[in-house]
Amino acid sequence: MVDASPKDNTPSDVYEIQVFGVSILIRRRAQWGLDTDVPYIHIEDQRDEAGLLLVKVNNSGEHEHRPGAEETAA
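Being a predicted model, the structure only gives us computed values, none of them experimental.

Peer 1: Where do I start with the overall build of the protein in this structure?
Peer 2: A count of helices and strands for the protein gives 0 helices and 5 strands. Helices and strands in the protein line up, N terminus first, as β-β-β-β-β. Of all 74 residues assigned to the protein, the portion counted as buried reaches 11%. Long-range pairs, those at least 24 residues apart, make up 5% of the contacts in the protein with a sequence separation of at least 6. A total of about 6,300 Å² of accessible surface is found on the protein, and carbon and sulfur atoms cover 51% of it.

Peer 1: Where do I start with the layout of surface pockets in this structure?
Peer 2: Over the atoms a probe the size of a water molecule is rolled, and this reveals where empty space is left. By volume, the largest pocket amounts to about 420 Å³. Lining the largest pocket, in full, are I24, P39, Y40, I41, H42, I43, L53, V55, V57, N58 and H65. Residue assignment for the lining of the largest pocket shows that the elements contributing at least two residues are β3 (35-45) and β4 (53-56). Of the residues forming the lining of the largest pocket, the biggest block, 5 residues, is contributed by β3. The residue inventory of the lining of the largest pocket, partitioned by class, reads 8 nonpolar, 3 polar and no charged.

Peer 1: Can you walk me through the side chain of S23 in this structure?
Peer 2: Positionally, S23 belongs in strand β2 (residues 22-32). A distance of 2.7 Å separates polar atoms of two side chains, one belonging to S23 and the other to E16.

Peer 1: I would appreciate a short explanation of a nonpolar patch on the surface in the present structure.
Peer 2: Together, Y15, I17, V19, F20, I26, I41 and I43 give the surface a local cluster of nonpolar side chains, amounting to about 700 Å² of exposed area. At the level of elements, β1 (15-19) and β3 are the ones that each hand at least two residues to the nonpolar patch. On the secondary structure map, Y15 appears in strand β1. Its relative accessible area of 45% is what places Y15 among the partly exposed residues.

What counts and how
- Residues numbered from 1 in each chain as written.
- Predicted model: local features only at pLDDT ≥ 70, side-chain atom pairs only at ≥ 80, totals over all residues.
- Heavy atoms only, no water.
- Helix = DSSP H or I, 4+ residues; strand = E, 2+ residues; numbered from the N terminus.
- Buried < 20%, exposed > 50% of the residue type's maximum accessible area, 1.4 Å probe, protein only.
- Contact = heavy atoms within 4.5 Å.
- Areas by Shrake-Rupley, 256 points an atom, 1.4 Å probe, with all protein chains shown as cover.
- 1 Å grid on protein atoms, 1.4 Å probe; cavity = no way out; pocket = protein on both sides within 12 Å on 5 of 7 lines; lining within 4 Å.
- Points joined across faces, edges and corners; volume = space filled by probe spheres on them.
- Nonpolar A, V, L, I, M, F, W, Y, C, P; charged D, E, K, R; others polar.
- Polar contact = N/O pair within 3.5 Å; in protein donor to acceptor, adjacent residues only side chain to side chain.
- Patch = residues over 30% accessible without salt bridge, like charges linked within 9 Å, V, L, I, M, F, W, Y side chains within 5 Å.
- Salt bridge = Lys/Arg side-chain N within 4 Å of Asp/Glu carboxyl O.

Right, here's the structure in full:
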């Protein structure tokens with residue numbers, strides 16, 4: 001856990017979870033465009049060669065993220 005810091009726009013504590021070789025960083029971010037105090041989640045595959053990552057946000061369906069790909073697919 002990292003404490004909140006207004007210097008880097010972190011209005012809340014930062015929590016990191018590591019499970020099955022996947023690192024998940026969770027916090028609320030002070031600014032994102034016109035919005036303020038928004039959820040921020042960083043997911044990173046800790047394997048040497050990251051592969052396919054499937055993500056589902058707010059029940060919007062799964063999205064595929066692949067290393068080097070610029071877009072996601074549903």
